Amino acid sequence: MTAQLGTQLDALLGNVATTEGRVAVTAGILLATLAVGWLLLPRGVRAVERVTTRWLERFLDGRGETSIETMREAVPVSFGLRLVVGVLQLALFALAAVAILALWGRFAVVLAVLPVAENALTVGAQAFVSLVLLGAAYVASDVLEEYVGDLSADSDRITAHQEQLLSRIMQVGVLVIAGVTVLGIWGVNLGGLLVGAGFLGIVLGMAARQTLGSLIAGFVLMFARPFEIGDWVEIGNEEGFVTEITIMNTHMRNFDGEYVVVPNDLVTNQAITNRSREGRLRIHMEVGIGYDDDPDEASEIAEEVLAGVDTIANNPKPYAIPSGFGDSAILLDLRFWIDPPTPQARWRSKATAVERIQDRFVDAGISIPYPQRTISYPPETAADAETVERVERFDGNDQRSDGEGAGRAADRPT
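Residues numbered from 1 in each chain as written. Predicted model: local features only at pLDDT ≥ 70, side-chain atom pairs only at ≥ 80, totals over all residues. Heavy atoms only, no water.

Draft legend 1. Summary view of the sheet that holds strand E3 (residues 249-254). Overall, antiparallel pairing links the 5 strands, which are arranged E4-E3-E2-E1-E5 in an open sheet. Of all strands in the sheet, those bounded by a partner on one side alone are strand E4 (259-263) and strand E5 (272-274). Strand-to-strand, the axes of this sheet are offset by a mean angle of 40 degrees, without reference to chain direction. (Pairing = 2+ DSSP bridges. Helix = DSSP H or I, 4+ residues; strand = E, 2+ residues; numbered from the N terminus. Axes fitted to C-alpha atoms, helices over the stretch in contact; angles between N-to-C directions.)

Draft legend 2. A look at the side chain of asparagine 254. Within the secondary structure, asparagine 254 is located in strand E3. Those residues in contact with asparagine 254, other than ones at most four positions away along the chain, are Glu239, Gly240 and Val260. (Contact = heavy atoms within 4.5 Å.)

Draft legend 3. Examining the packing of helix H10 (residues 295-307) against helix H11 (residues 343-364) more closely. For the pair H10 and H11, the least separation of the axes is 10 Å and the interaxial angle reads 140 degrees. With respect to H11, the axis of H10 lies oblique. Relative to H11, H10 is oriented so that their crossing is right-handed. Contacts between H10 and H11 involve Glu297, Ala298, Ile301, Ala302, Glu304, Val305 and Leu306 on the former and, on the latter, Ala353, Arg356, Ile357, Arg360, Phe361 and Ala364. In terms of residue class, the contact of H10 with H11 is built from 9 nonpolar, no polar and 4 charged. (Parallel < 35°, antiparallel > 145°, perpendicular 65-115°, else oblique. Left-handed = near helix turned anticlockwise from the far one by under 90°. Nonpolar A, V, L, I, M, F, W, Y, C, P; charged D, E, K, R; others polar.)

Any functional reading would require information that these geometric values do not contain.
Structural data, given as structure tokens:
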């Protein structure tokens, strides 16, 4: 390439043999270089920047504004334009210097300096392309996140958890591709790097099995969708509202206001009760009435009370049925629904039902008995107990004096 450049310059400038001609051509080269470098290049770069900006705005359609603004704060547009103009001017002046040296027969200097310039140019081009790729990957990750958000907003089938996972996976994929491409540009041996990454992955997998289990469980939760953010769930011994679902953990807030974090592998290995999934929840209560009371009348009163509670749904209607015989009462099973299912509605409906049912039972003369026990002895057992008690009493009296005890001994029954 260097020999071709020298041959072409010699063919182009070799006809200028006189000193006056060389001076004139040198002056023309310098004037043209100054005119292009100081007048045309800045305007051309600004025009290209405006056209590129308009095209990007149409292509992105309002997405990626956060990342673009971040890059503008890190590298202002004015600084970037001055840098591009400066690089182009430097390249133009270098080309003019090569032409002038070739004109004056000093091309050997160019041959001596050219390898260093080529290396510097190669490194600069690699650095520029790497920065462009990384910047494009950063903007693309932001664009993908906003695109997934728009897609999730238009579809009810994509949950917030799935949206977050899809965004993270696509962002990581874009950044990995950009990183591998940049390493390839700099000539890094990707084969050895992949082999080392494979061994490192095996070691990390054995050392962090629980973490990987939580990671895999996060993907399982993403596709199984047993619950969503805002649901009222019970996971093992924990009950509360789901506030966040990450790739590693499920975050909950229980009814005491405590912040609970459950690893995803524990979530998938335990029974999950979602009280919000169906949009309503059935509540069971039990009340006992006396054996002398009428179960049908008590059931009708309980159903009337439940139907009049505001927090209890009327469809399906609440009902009360005798469910069994207790130790001291006939048991009535009260069943009713709350819609929507919330802890407040459950507690309030139960409290209101207990207060009103008790008042109505009192008005109707229906008792709510407490546990009672009746103890009875067979006739033989009662006589034996009385005999033992009298003998013990006489033995206690014999301890007063021997004479008095002998006098009373004649009165003892035989």
